Amino acid sequence: MQDQRIASCLTAKRESKAVEFKEQFDPSDSRQSLELLKDIAAIANSGGGTIAIGINNAGNGCASDIRSVLDYDHAKYCDLIKKYTMQNFADFELIEAEKDGHTVAVFLINPPDSPLIFEKPGTYPLEDNKQKTVFSQGTVYFRHGAKSETGTTDDIRRFIQQRVREMQDQLVKGMRKVSDAPRGSQLQVVPRGTVVAGLDTAIPVKITDDPSARGAIVVDRDQIFRFRRKDVIERLKKELTDGTVPNSFELQAVNAVYDIAANEKLSWKPQFSSRLYSDAFIEWLVANISKDKNFVSITRKRFSEAKRKKKD
């Protein structure tokens, strides 16, 4: 199931607050990289949205070669953001999609916890040793209609109000869990993913996908499917130290070739956000890549061949 924001981007006929089109993008070009960075920051600060590479201003797919965009390491985009904002913002994905029979690359961007502010000026060289500035030090960008422009007091106020609402919602959810707990329960604060062992009160459990199993208790899917695509890549970097970690496009290929969406133990697609993955999916990937160092390249080749056959 495709993310609703991507679907909206691909059907849009014009740019908007949450949608930006670019006919082409070269990651090695300084000017284009800085312009893209400005748009990513503006869209993120404005609540999130999409940037589609390979679509013109009229919303039509182009015959642009966007392979370099999809092949570019997600970590390098993150490094570019950190270089100019001093923030470790990585809450975005790069998705391969299709528009009017042409392959396009779509950045799916989520909002940050705090505004992305440029701590360094973004400049690139011109002829005669001159410099052109894309954004200045200390500036913060938001979307005003279809443009990425410097933020106003109202922009900052709206950002803060939205974050406060989100924090209040999280607080209420946490309080509800505490209030619904059985009498005599103990509250512990531990990092996500931590397993507390050695407690006298611990109860052994068995995980099952059979809802009719004896004593079965429904568990919130958010607790099982905790990883976005970028989180999967970061986990794989820790598990695989031999340079065989797949990039975002290659994970998309794995999803398609092995029909990961059909396996309820490996992934889950919430209604209004990107697909999420489980620890079981990461373990499955590590096992396959460790067994065959060519697993990723073979999967990518199969994915590309399938797409070509589909076009033919």
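This text gives an overview of the structure that appears in the document. Every value quoted in this text rests on a predicted model; they were computed, and no experiment measured them.

1. As for unusual backbone geometry
Okay, so step 1: The backbone of Met86 shows a phi angle near 65°, a positive value even though the residue is not glycine.
Okay, so step 2: According to the relative accessible area criterion, Met86 is exposed, its value standing at 51%.
Okay, so step 3: The phi torsion at Asn129 lies on the positive side, around 60°, for a residue other than glycine.
Okay, so step 4: Within the fold, Asn129 resides in the loop between strand 5 (122-125) and strand 6 (131-135).

2. Re the nonpolar core
Note that soluble globular proteins tend to have their nonpolar side chains buried in a common cluster.
Okay, so step 1: Within the largest apolar cluster, 33 residues are counted, with the highest numbers of intra-cluster contacts made by Val69, Phe107 and Ile109.
Okay, so step 2: Going through the elements one at a time, helix 2 (30-45), strand 2 (49-53), helix 3 (67-71), helix 4 (74-85), strand 3 (92-99), strand 4 (102-109), strand 6 and helix 8 (248-257) are the ones with two or more residues in this core.
Okay, so step 3: If you tally residues by element for this core, the top one is helix 2, at 8 residues.
Okay, so step 4: Residues in contact with Val69, not counting those within four places in the same chain, are Phe25, Pro27, Ile53, Tyr77, Leu94, Ala105 and Phe107.
Okay, so step 5: Of all hydrophobic cores here, the second largest spans 17 residues; its members include Phe227, Val232, Leu236 and Leu285.

3. Digging into the sheet that holds strand 3
Okay, so step 1: Here 4 strands make up an open sheet; going across it, the order is 1-2-4-3 and the pairing mixed. The outermost strands of the open sheet, each flanked by one partner alone, are strand 1 (19-22) and strand 3. On average, each strand axis in the sheet is inclined to that of its neighbour by 20°, with strand direction left out of account.
Okay, so step 2: Bridging between strand 3 and strand 4 involves 8 bridges; their strand directions are antiparallel. Bridging from a neighbouring strand, Glu93 pairs with Leu108 of strand 4.

Scoring rules and cut-offs
For every chain, the first residue of the written sequence is number 1, and numbering continues from 1 along that sequence. Note on the predicted model: pLDDT of at least 70 is required for a residue's local features to be given, and 80 or more for side-chain atom pairs to be given and counted; whole-chain, interface and lining totals, by contrast, use all residues. Side-chain numbers come from the whole structure's heavy atoms, not from hydrogens or water. Burial here depends on accessible area, computed with a 1.4 Å probe over protein chains only, as a share of the maximum for the residue type. Under 20% is buried, over 50% is exposed, and the range in between is partly exposed. Secondary structure elements are taken from DSSP: a helix is a run of H or I of four residues or more, a strand is a run of E of two residues or more, and numbering for both begins at the N terminus. To define a nonpolar core, start from buried Ala, Val, Leu, Ile, Met, Phe, Trp, Tyr and Cys residues and group those joined through side-chain atoms within 4.5 Å. Note on contacts: a residue pair is in contact if any heavy atoms of the two residues lie within 4.5 Å. The pairing criterion is simple: DSSP has to find at least two bridges between the two strands. Angles here are taken between N-to-C directions and fall from 0 to 180 degrees, while the axes themselves are lines fitted to C-alpha atoms, restricted in helices to the stretch in contact.

On their own, these measurements won't tell you what the molecule is for.
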